[in-house]
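Remarks on the overall topology
If you want the building blocks of each chain, they are given just below.
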Amino acid sequence: MKDQYVIPPPPVAAIPTAEGGAFPVRRVYCVGRNYAEHAVEMGHDPNREPPFFFQKNPQDLVSDGSFPYPQGSNDVQHELELMVALKSGGRWITAEAAEAHIWGYGVALDMTCRDLQSIAKERGRPWISAKAFYRSAPCGVLSPVAMTGHPRNGAMELRVSGKVRQKGDLAQQIWTVPEIIERLSTEFELAAGDVILTGTPAGVGPLQVGDSLDGSIAGVGQVSVEVVGEQGPPR
Ligand code: MN
């Protein structure tokens, strides 16, 4: 067993929990356009285009309170989102059975390079550079279901340097969390450690180095980050 790997296995990415331990992360799924008003502000018709999925990477879910503004973008925007963490998974999970797979909930920011995303959309390219860049998903702690229940509603608010930028409610989701799990499990095999960012309400906007962000979802938790300048390559 000692010689099974030719290099040391990479460390497991993890999110701190309100209980004190850490939740190990396997995959990060994200839902696009899951709130009608946000779909409209992005120029889409929520009645004609249903939500959809993309991914981020486990190592970029960071909770140390610091977000380095990526040098490759001039339009990084905040998206406040409910984060769902799974303790088990499988395929063909029905919405009715979905909640039994949830370990807990938290609050995350789906940071987005809007300029790079626009170029990707225009050219039919994947969103990886716009969505899955270094430290692109700041988050707060995860709280177990025993503490949060399964929130179906709850006020969402994001303040940037004290000013309210995003306001919404979990009840405005087009796909509920059980519906998201059902749909994801038709395409992917879900498993313990999977985390889902469930989409953002209206009010997304640009950030600048020096901004401080405070996001909250009533009954779920908070996320707080400072936007700092990204360190460039060593000289
Ligand atoms: Mn998002």
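Going by the structure above, here's the rest.
Residues numbered from 1 in each chain as written. Predicted model: local features only at pLDDT ≥ 70, side-chain atom pairs only at ≥ 80, totals over all residues. Heavy atoms only, no water.

What to know about the coordination of the manganese ion
When four donors bind a metal tetrahedrally, each ideal donor-metal-donor angle is 109.5 degrees, and when six bind octahedrally, the ideal angles are 90 or 180 degrees. On the protein side, the manganese ion has E79 (OE), E81 (OE) and D110 (OD) as donor atoms, found 2.0 to 2.1 Å from it. Assessed through its relative accessible area of 0%, E81 is described here as buried. (Donors = N, O, S within 2.8 Å, 3.2 Å for Na, K, Ca; no water. Buried < 20%, exposed > 50% of the residue type's maximum accessible area, 1.4 Å probe, protein only.)

Section: the environment of P201
Examined against the element boundaries, P201 turns out to sit in the loop between β15 (194-197) and β16 (205-206). Distance from P201 to C113, taken between C-alpha atoms, is 17 Å for residues 88 residues apart in sequence. Those residues in contact with P201 that lie beyond four places of it in its chain are Y35, H38, E41, L80, M156, Q166, K167, G168 and Q172. (Helix = DSSP H or I, 4+ residues; strand = E, 2+ residues; numbered from the N terminus. Contact = heavy atoms within 4.5 Å.)

Description of the pattern of salt bridges
Counted according to the given criterion, the structure contains ten salt bridges. Notably, a salt bridge pairs R159 with E157, separated by 2.9 Å at the nearest N-O pair. Residues joined by salt bridges that share partners form a network here, namely K56, E79, D110, R114 and K131. (Salt bridge = Lys/Arg side-chain N within 4 Å of Asp/Glu carboxyl O.)

Overview of helix α6 (residues 177-187)
Residues of α6 that are buried include every one of V177, P178, I180, I181, L184 and S185, and no others. Looking down the long axis of α6, one finds its buried residues gathered within 155° of arc, a one-sided arrangement. Each element contacted by the buried residues of α6 is listed here: β3 (27-32), β4 (52-56), β8 (80-86), α2 (95-98), β9 (102-109) and β15. (Arc of directions from axis to C-beta.)

A word on the packing of aromatic side chains
Centre distance and the angle of the planes are the two values used to describe a pair of aromatic rings. Counted under the stated rule, the structure contains six aromatic pairs. With centroids separated by 5.5 Å and ring planes inclined at 55°, the aromatic side chains of F54 and W127 adopt a geometry described as tilted. Placement of the pair is F54 in strand β4 and W127 in the loop between α3 (114-123) and α4 (128-131), with a sequence separation of 73 residues. Residues F54 and W127 agree in their burial class; the two are buried. For the ring pair F67 and F133, a centre distance of 6.2 Å and an interplane angle of 65° mean the geometry is edge-to-face. Of the two residues, F67 sits in strand β6 (residues 66-69) while F133 sits in the loop between α4 and β11 (137-138), which places them 66 residues apart along the sequence. Of the two residues, F67 and F133, both sit in the buried class. Members of the aromatic cluster, each reached through a chain of ring pairs, are F52, F54 and W127. (Phe/Tyr/Trp six-rings, centres within 6.5 Å; stacked < 30°, edge-to-face > 60°.)

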